[in-house]
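Each chain is listed here by its residues.
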Amino acid sequence: MATQYVDLNKLKFVAGKINPTSYGELFVYSSAHSSERTRVYFNFRTCSGLGPLAAKLAAEFTIWTAPKEKGSALAALVPIRGWMRYLSDLARVDGSNTTDWTAQKWGLQTGEWLLSILSDPDLGDRTKNQYRSNVHAFVARMQTAGVLPAFRILNGIKKPEGGKKLSIALVKKALRDGEDIHIIDVATRDALSELDNLNDLTDSAQVLRRIDLLLGATRKAIENRIRHFWYDWQEARQIVSSGIFDPIGFLERHCVSREPLKLRRGWKYELTDDTDMIALLQHLYDGIIPIDEPGNPLVRWIYNQYSVRHIRNLLHSTPDNVIPFLVTMLIDRPIEVSYAAGFAVDAMRSTANPNNMKITYVKKRAGHRMITTIWASGDDRSLASSSRRSIDPATAFRCVQSMREPLIKFAEAQDADKLFLVLGNGGTRKTVKAVSPRAWLDAWDRFRAGDPILTRYRFTLDKIRPTLILRAYIVSGGDIFEAYRVAQHKLLGTTQRYLNEQVSEQLSAEDARNVQGAISLKILEKRPELRGDLRINEQSAKRVLRQAANLGFLEHNKEAENVREEVQSELVRFFLTGEIIVLEDPEVAAELIVFKEHLVTELPTLKGHPDYETSWLPLLVFLNAAIEAMLPDVRQRGRKVAAEMGIEYLEPPIV
């Protein structure tokens with residue numbers, strides 16, 4: 001048993017914040033992540049060698065992770081507890097007291113732990129950086145609170161390998177050649193044959209065709225599944241509501257007792273169809289199969305006559321019956337699968353245009369930015385078995401809203417507003433919750449196993465978003481602005497990095513150069529109308545630079561007036577011809593580099609300005625182009641000059 005230390009509730013800095021039901025100071029209860037059904041504890045018992053400090057760190061970790069979601073908190077626990085355990089073992093070995101450790105020793109021992117993580121061959125680069133990031137954030141908090149002395153932590157891995165979410169164009173065939181001859185459907189066999197021949201991933205035309213074939217196969221598979229399922233779902237409800245089978249009369253004739261349920265002989269002969277069983281389950285158990293009652297005669301009959309999965313799919317939403325509806329939403333717009341899977345039930349709302357619906361969700365990785373996407377209103381007639389229309393995501397959304405209704409009253413408060421509400425692995429009322437990432441993965445695996453193309457060319461759902469962005473880029477002829485619009489990134493540079501990952505892995509060197517140069521507005525060669533749209537001439541260039549000067553741009557140079565005129569003429573020439581001068585003055589380079597970084601930081605404010613697209617965006621694009629055109633040594637000297645001069649700029653006014 002772990003050594004006990006100072007009573008946690010007597011520590012002033014955590015008084016009243018730690019739940020008293022914790023099992024000791026090193027097995028701490030997290031009230032923020034627990035519910036009536038599930039209790040979450042953070043176990044730090046292996047870190048007892050840190051002495052009283054272990055209890056302090058355990059308490060502070062619980063407070064620090066309280067605002068985080070449960071998954072994020074548990075993910076942070078792994079590296080931080082590993083770091084604490086490493087230091088705990090060291091303290092035991094040398095018999096030292098961590099309260100006596102100097103800042104130098106803390107930095108040295110933490111550095112040794114981090115080096116062991118960074119050199120671990122079993123961990124990916126991005127995982128190593130996540131370990132380092134979590135520990136660094138927690139240590140910084142402890143240093144600010146005065147719990148730990150000030151010391152530095154080593155940097156992570158620059159440009160980590162792996163972790164890229166590449167497009168489905170890279171998917172390789174999973175089965176051996178020759179197995180396609182057993183496929184009866186000619187169209188499917190032809191599609192597989194064409195996919196096999198589209199093997200030059202440096203050719204953007206072949207990449208595009210490959211993407212379209214796989215996305216087309218995905219859409220065909222999910223729409224076939226949806227139509228087949230929706231017919232059964234609607235038919236079951238119509239038959240049950242018609243009263244053809246009377247569950248009350250059935251129980252009056254056959255029921256011996258309700259708890260536990262016992263039925264007289266001959267009851268099975270009255271259940272002639274699965275809809276009779278559905279009506280009975282809805283009447284007795286609110287549509288939830290009592291799987292926790294193995295002696296229940298209805299449960300035994302379901303196992304023997306049907307299957308639990310089949311009956312559940314007709315009773316309420318399950319991972320298996322909602323997966324095609326989720327994919328319908330994913331292949332329409334490039335939405336991250338985690339955000340689509342976490343849609344609130346009221347995320348879709350009507351607009352002033354009756355033909356459109358608005359979907360809204362929060363993108364947490366982008367500073368909790370609100371994202372809005374417009375969907376077509378959809379037509380429920382597309383769900384008919386004979387329909388040739390594509391099923392719109394708004395239609396899929398409405399279907400899931402209907403399917404989840406039987407489960408709402410069994411969900412906990414934190415899950416009750418989730419669109420994708422399902423029964424958990426336990427199969428009882430207490431397991432009703434939002435679908436977990438693991439359940440999505442398993443459901444998708446089961447779904448694609450029934451399709452000949454998706455079985456052979458396997459991809460995970462998180463590859464759909466980068467695929468749609470890459471497709472938009474290729475179809476537009478290499479227009480990064482189109483990819484930026486489709487991706488709904490906060491910054492244009494994010495789209496560039498996103499495409500760099502795709503292009504560097506797939507397309508030719510020429511295509512890669514197009515992506516690298518697009519941020520410099522070489523795209524003007526492909527979209528000359530942008531020059532007219534942005535209306536950059538000598539007069540507008542003066543206005544743009546005058547607004548920038550109000551923030552202090554080009555005011556740090558000794559010859560500010562001359563430099564401003566030079567930059568103004570280059571700005572006009574850039575938008576008229578697409579040419580950019582190669583700057584050689586490190587002082588001018590310093591201003592351009594720092595001001596560009598300043599604009600990027602202030603972009604959320606600038607986007608609210610009415611002249612954002614006519615002033616700030618053109619200036620930012622020009623600065624990107626000018627900085628890219630600089631020689632490496634000029635850029636380096638410019639950054640050095642910027643640091644020496646201490647260049648700073650004013651914040652833009654909030655409109």
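Conventions and cut-offs
Residues numbered from 1 in each chain as written. Predicted model: local features only at pLDDT ≥ 70, side-chain atom pairs only at ≥ 80, totals over all residues. Heavy atoms only, no water. Pairing = 2+ DSSP bridges. Helix = DSSP H or I, 4+ residues; strand = E, 2+ residues; numbered from the N terminus. Axes fitted to C-alpha atoms, helices over the stretch in contact; angles between N-to-C directions. Core = buried A, V, L, I, M, F, W, Y, C linked by side-chain atoms within 4.5 Å. Buried < 20%, exposed > 50% of the residue type's maximum accessible area, 1.4 Å probe, protein only. Contact = heavy atoms within 4.5 Å.

**Q** When you look at the sheet that holds strand β5 (residues 348-350) in this model, what are you seeing that I'm missing?
**A** Ordered in space as β5-β6-β7, the 3 strands form an open sheet in which the pairing is antiparallel. Lying at the two open borders of the sheet, with one neighbouring strand each, are β5 and β7 (369-376). The mean angle between the axes of side-by-side strands here comes to 30 degrees, regardless of whether they run parallel or antiparallel. Relative to β7, strand β6 (residues 356-363) is paired through 8 bridges, and the arrangement is antiparallel.

**Q** What am I meant to see in the nonpolar core here?
**A** A general tendency of soluble globular proteins is for nonpolar side chains to be buried together. Grouped together as the largest cluster of nonpolar side chains are 75 residues, with contacts concentrated most on I323, F325, F343, W375, F397 and F420. No other element matches helix α6 (residues 204-242), which puts 12 residues into this core. Beyond its immediate sequence surroundings of up to four residues, F420 is in contact with V322, L326, M329, A340, A341, V400, K433, A434, V435 and W440.

**Q** What is the right way to read unusual backbone geometry from this model?
**A** Most peptide bonds take the trans configuration, and most residues that are not glycine carry a negative phi. The amide bond that connects E259 to the next residue, P260, takes the cis arrangement and shows omega of -5 degrees. By the secondary structure assignment, P260 is in the loop between β3 (255-257) and β4 (262-263). A positive phi angle is found at D286, which is not glycine, with a value near 55 degrees. Within the fold, D286 resides in the loop between α8 (274-285) and α9 (297-305). Although it is not a glycine, Q488 sits at a positive phi angle of roughly 55 degrees. Locating Q488 in the fold gives a position in the loop between α17 (480-487) and α18 (492-505).

**Q** How do you make sense of the environment of T605 when you look at a structure like this?
**A** Relative to the helices and strands, T605 resides in helix α24 (residues 603-606). It is 7.3 Å that separates the C-alpha atoms of T605 and P652, two residues lying 47 residues apart in sequence.

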